[in-house]
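Okay, here's what each chain looks like letter by letter:
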Amino acid sequence: MKFFPLIWSNLKRKKLRTSLTLLSILVAFVLFGFLCAIRQALVGGVDLAGADRLIVRHKVSIIQLLPESYKQRMERIPGVVLATHQTWFGGIYQDPKNFFMQSPVVPEEFLEMHPEIILPPEQKKAWLETRTGAIVGRKTAERFHWKIGDKVPIQSTIWADKSGNRTWQFDIVGIFDGAKKGTDTTPMFFRYDYFDEARSDNWGKGMVGWFTIRVKDPSRAAEVAKLVDQEFENSSAETKTEPEGAFVQSWAKQIGNIVLIVASILGAVFFTILLVTGNTMAQAIRERTGELGALKAIGFTNARIVWLVLAESCLLTIIGGAAGLGLAWLVISRGDPTGGLLPLFFFPTRDLVIGFGISIALGFVTGIFPALQAMRLRVADALRRM
Amino acid sequence: MNAQTNHALVSVDGVEKVFRRGSEDIHVLSNLHLQVPSGEFLALMGPSGSGKSTLLNLIGGLDRPTKGSVSIAGDRIDGLSDRALAAWRARHVGFVFQLYNLMPTLTAERNVELPLLLTHLSRAERKKHVETALAVVGLSHRAKHYPRTLSGGEQQRVGIARGIVTDPTLLLCDEPTGDLDRKAGDEILNLLQGLNREHGKTIVMVTHDPHASARASRTVYLNKGQLSNQPET
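A. A look at the overall build of chain A. Assigned secondary structure in chain A consists of 15 helices and 13 strands. Radius of gyration (C-alpha) of chain A: 29 Å, far over the 21 Å computed for a compact globule of 386 residues. The C-alpha extent of chain A, read off along each of the three principal axes, is 95 × 45 × 35 Å. Taking all 386 residues of chain A together, the buried fraction comes to 39%.

Next comes the structure, spelled out in structure tokens:
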């Protein structure tokens, strides 16, 4: 710590240059934070997927419906413990930009299938007793200032009721939280029996979007998936069964290889920052050759000079990195900027720690060559260059 | 020339220094002998390129001789490793440079404190030493000032305070008045003389100014790599 004033004063030497370098590091780390959050939003569901859950969808595409009656047949397949279904409702609240996921479900089996959804017992009871009842995730409830007892109109882009009306009324009977950080708390779930009875007879009656099944032994999941697909082979609605994680991944892959895209952008950004900061440090050391000579003359060893230069470059990148990561965290914690398209949009702590590690590594890499240059200076030569 | 005494603090024996420039060897010092007794204020004079600064660097452990030996207070320093030499300099030598070589981003007191950062002294002890050194050079009232706000003479006094703050065995001054006007130069010479007479500091000062060398207790002349008691005529 006693060397800190010396290190700090060197950073203040050229305030404009240091500020501009800090700013470029800060921007790079803000970008890092946002890209991590976007990657989390797009592929983070894979980490949260249940290892014992399989998704069964129509073989052709997720938008093709499956008969609800498949549930009983699925539950008879050896290794399947439970099956439940969901259907994409495609609703908006008041305005098209207020989009979020809604799905009709069978409450008891749905909650049993998804223990990561935390709903107080009295709210669960109210849901079972209220035919038009819906539960909504904490994030969406806070977003629209909904509370229990509210009646909310949701306009579906897909489903109409028997009178052709696309606006459905729901009673908010529960607000759920997630058991894990990253559990999606933006959807709304309502009762399938109400939905199926009220929806138009013209299309989709008795049909559902996809099934989630729980297997008894996750190590036998592939075998069970094959059995499920065999069960519905040569039917009018053949199925494709895959682990929940793979399902989420294939959903994200529709956009592209997110991890590769993010890694490529970050690679380019950090390489640029490496050059910018490296140049700043190299210039800073060249300018003070005489001062380094004086320090060596009064007894600073080569090792200490290397340490001082590295400490200076690391301090620069740590300040810039911490400020960038902090700013990214602040902005990202305000929530999904797309208004519902990226419900898992958050800055994972793991990435925050990785970002901090990168800032230290950046300081080391950008400082090591100027440090070695400073170390190699001959005192007598350096003193002449004051 | 061979100035022998029984209690030499600095002992330079048969020293040669050869620099290589391209394929050419340049002999800067040849078979040079010098003894500086403890408590002496020695002026080292000579024309430009005569090897004055090279000799000072050898005495101060900033460079190593090609041949011969350099001993300070009985310890040979010419064979020490870089690391050991740096540690030795921190303990035994104070340097005063012509261009002061102060850190422009540090205040006067922080500049003076620099050599103490290499010791195990506590913050309070370092502060006390810095105050004493600044008081000796008469700059206590300028402790919080940055070098750019100080005059040349004041900056050199800060440089001297930095040189003496660790109470070194030997104070080596390379043209300490070379960048100052006559008045400021005189103040610095008075200060060095005071350090020698009142505090018993052994000083070796390189200068080309006869006015400065007149303040020393002895003057030796270096020419073509050899020492003499008389200037070259």
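More follows now that the structure is in view.
B. Representation of the interface of chain A and chain B. Contact with chain A, which involves 22 residues of that partner, is made by 21 residues of chain B. For the side of chain A that touches chain B, the secondary structure elements donating two or more residues are α1 (4-11), α12 (289-297) and α15 (379-384) of chain A. For the side of chain A that touches chain B, the element with the highest residue contribution is α12(A), accounting for five residues. Counted by class, the side of chain A that touches chain B contains eleven nonpolar, six polar and five charged residues.

C. Representation of the pairing of strand β8 (residues 151-156) of chain A. Residues and elements named next belong to chain A. Across two bridges, the pairing between strand β4 (residues 91-92) and β8 is antiparallel. Looking at β8, one finds that Ile-92 is bridged to Gln-155. Pairing geometry for β8 and strand β9 (residues 167-178), over five bridges, is antiparallel. Bridge pairing in β9 links Gln-155 to Thr-167.

D. Local environment of the packing of helix α11 (residues 258-287) of chain A against helix α13 (residues 302-332) of chain A. All names here are of chain A. Interaxial distance between α11 and α13 falls to 11 Å at its minimum, and their mutual angle equals 140°. Compared by their axis directions, α11 and α13 come out oblique. Along this stretch, α11 crosses α13, giving a crossing that reads as right-handed. Residues Thr-277, Met-281 and Ile-285 of α11 touch α13, and the partners they reach there are Val-309, Ser-313, Leu-316 and Thr-317. Grouping the constituent residues of the contact of α11 with α13 by class yields four nonpolar, three polar and no charged.

E. Highlighting the packing of α11(A) against helix α14 (residues 349-376) of chain A. Residue and element names in this part refer to chain A. Where α11 contacts α14, the axes come no closer than 9 Å and their chain directions differ by 35°. The interaxial crossing formed by α11 with α14 has right-handed handedness. In contact with Phe-270, Ile-273, Leu-274, Thr-277, Gly-278, Met-281, Ala-282 and Ile-285 of α11, α14 contributes Ile-358, Leu-362, Val-365, Thr-366, Gly-367, Phe-369, Pro-370, Gln-373 and Ala-374. For the contact of α11 with α14, the class distribution of residues is twelve nonpolar, five polar and no charged.

F. Fine view of the pairing of strand β12 (residues 210-215) of chain A. Residues and elements named next belong to chain A. The element β12 is extensively covered by neighbouring structure, given that six of its six residues are classed as buried. Side chains Trp-210, Thr-212 and Arg-214 of β12 all project onto a buried face; the interleaved residues Phe-211, Ile-213 and Val-215 project onto the opposite face, where all are buried too. Pairing of strand β1 (residues 53-58) with β12 involves four bridges; the strand directions are antiparallel. In the strand pairing of β12, Leu-54 is matched with Ile-213.

G. Local environment of helix α1 (residues 52-59) of chain B. All names here are of chain B. Along α1, eight of the eight residues are buried, which leaves the element largely enclosed by surrounding structure. All buried positions along α1 are accounted for by Lys-52, Ser-53, Thr-54, Leu-55, Leu-56, Asn-57, Leu-58 and Ile-59. Positive phi appears at Gly-61, one or two residues downstream of α1, with a value of about 70°.

H. Seen up close, the sheet that holds strand β7 (residues 170-174) of chain B. All names here are of chain B. What the six strands build is an open sheet, ordered β6-β7-β8-β3-β9-β10; its pairing is mixed. Each edge of the open sheet is held by one strand with a lone partner, namely β6 (93-96) and β10 (226-228). Taken pair by pair, the neighbouring strands of this sheet meet at an average axis angle of 20°, ignoring direction.

Calculation notes
Residues numbered from 1 in each chain as written. Chains lettered and ligands numbered in written order. Predicted model: local features only at pLDDT ≥ 70, side-chain atom pairs only at ≥ 80, totals over all residues. Helix = DSSP H or I, 4+ residues; strand = E, 2+ residues; numbered from the N terminus. Rg over C-alpha atoms; globule rule 2.2 N^0.38 Å. Buried ≥ 20, exposed ≤ 12 C-beta atoms within 10 Å, placed from the backbone. Contact = placed C-beta atoms within 7 Å. Nonpolar A, V, L, I, M, F, W, Y, C, P; charged D, E, K, R; others polar. Pairing = 2+ DSSP bridges. Axes fitted to C-alpha atoms, helices over the stretch in contact; angles between N-to-C directions. Parallel < 35°, antiparallel > 145°, perpendicular 65-115°, else oblique. Left-handed = near helix turned anticlockwise from the far one by under 90°.

These results come straight from atomic positions and should not be treated as a statement about function.
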